[in-house]
Amino acid sequence: MLRKLLPHPGLSVLLILTWLMLVNEFKWGSLVLATLLAIILPLLTAPYWPNRPLIKSWPAVAEYVVIVLWDIVKSNITVALIVLFRPAAKLNPLWVRVPLDVTSPEAITVLAGTITMTPGTVTADLSADGRSLLIHCLDATDADAVRDDIKSRYEARLKRIFA
């Protein structure tokens, strides 16, 4: 019964929090409207999400988020140092092809987004068969090291998260 009323409970919570942040002050009327939207919108969109991904391990999700946030901070500092102190002629831009072990579209999307959110790297393309990503690195010398780091640091954790 509860699953029929809230087909996407995570989305409902996110909608409530987003709405309350948008109004920028707490009012009971805003909370009621946010709750109504959080019930109605997932009900309307549920038919378009027939095969929702299953999360195997919520602690693994928390670990992944912490690691990604740490990597974003670290990479921001590294890129800032590169931009401020290294001449462009000494940069080593590099294209890296990363073969994928994950197969679900959600896991591939999270991986590509993670790579792009981490400064100094950007996901440029997904192969037509969905089995590899093309990544551009601002400054790297070893394509194998970049590939292995992405696979061990991010992809291995995503395999544990998504069913």
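Calculation notes
- Residues numbered from 1 in each chain as written.
- Predicted model: local features only at pLDDT ≥ 70, side-chain atom pairs only at ≥ 80, totals over all residues.
- Heavy atoms only, no water.
- Helix = DSSP H or I, 4+ residues; strand = E, 2+ residues; numbered from the N terminus.
- Rg over C-alpha atoms; globule rule 2.2 N^0.38 Å.
- Buried < 20%, exposed > 50% of the residue type's maximum accessible area, 1.4 Å probe, protein only.
- Contact = heavy atoms within 4.5 Å.
- Areas by Shrake-Rupley, 256 points an atom, 1.4 Å probe, with all protein chains shown as cover.
- Lys, Arg positive; Asp, Glu negative; His and termini not counted.
- Charge placed at Lys NZ, Arg CZ, Asp CG, Glu CD.
- Axes fitted to C-alpha atoms, helices over the stretch in contact; angles between N-to-C directions.
- Left-handed = near helix turned anticlockwise from the far one by under 90°.
- Nonpolar A, V, L, I, M, F, W, Y, C, P; charged D, E, K, R; others polar.
- Polar contact = N/O pair within 3.5 Å; in protein donor to acceptor, adjacent residues only side chain to side chain.
- Pairing = 2+ DSSP bridges.

Draft legend 1. Structural context of the overall build of the protein chain. Tallying secondary structure elements over the protein chain gives six helices and three strands in all. For 163 residues, the compact-globule formula gives about 15 Å, and the C-alpha radius of gyration of the protein chain, at 20 Å, lies well above that figure. Put simply, the protein chain has 163 residues, and 29% of those count as buried. Counting only contacts in the protein chain whose residues sit at least 6 apart along the sequence, the fraction spanning at least 24 positions is 72%. Summing over all exposed atoms, the protein chain offers an accessible surface of approximately 10,700 Å²; the carbon and sulfur share of this is 68%. On the protein chain, the mean spot of the 16 positive side-chain charges and the mean spot of the 13 negative ones are 6 Å from each other.

Draft legend 2. Representation of the packing of helix α2 (residues 9–23) against helix α3 (residues 28–45) in the model. The N-to-C vectors of α2 and α3 enclose an angle of 145 degrees; their axes lie 8 Å apart at closest approach. α2 and α3 meet at a crossing whose hand is right-handed. For the pair α2 and α3, the contacting residues are Leu11, Ser12, Leu15, Ile16, Trp19, Leu20 and Val23 in the first and Ser30, Leu31, Leu33, Ala34, Thr35, Leu37, Ala38, Leu41 and Pro42 in the second. Residues of the contact of α2 with α3, tallied by class, amount to 13 nonpolar, three polar and no charged.

Draft legend 3. Representation of the environment of Asp129 in the model. Relative to the assigned elements, Asp129 resides in the loop between β2 (121–126) and β3 (132–137). Its relative accessible area of 52% is what places Asp129 among the exposed residues. Each C-alpha atom of the pair Asp129 and Trp95 lies 19 Å from the other, and the pair is 34 residues apart in sequence. Within the local environment of Asp129, its side chain forms a polar contact with the side chain of Ser127, the two groups lying 2.6 Å apart. Only 3.0 Å separates the side chain of Asp129 from the backbone nitrogen of Arg131, close enough to count as a polar contact.

Draft legend 4. The arrangement of the side chain of Asp71 in detail. Take Asp71: it is sitting in helix α4 (residues 58–85). Here Arg153 takes part through its side chain, which lies 2.7 Å from a polar atom of the side chain of Asp71. Side-chain polar atoms of Asp71 contact the side chain of Tyr154, separated by 2.6 Å. In this structure, Asp71 is in contact with Thr118, Arg153 and Tyr154, ignoring residues within four places of it in sequence.

Draft legend 5. Quick peek at the sheet that holds β2. The strand order across the open sheet formed by three strands is β1-β3-β2, and the pairing between neighbours is antiparallel. Of all strands in the sheet, those bounded by a partner on one side alone are β1 (94–99) and β2. Here the average twist between neighbouring strands, direction ignored, is 30 degrees. In this sheet, β3 lies alongside β2 in antiparallel orientation, the contact comprising five bridges. In the strand pairing of β3, Thr123 is matched with Ile135. Lying on the sheet, helix α5 (residues 105–117) is in contact with β2 and β3; it crosses β2 at an angle near 145 degrees.

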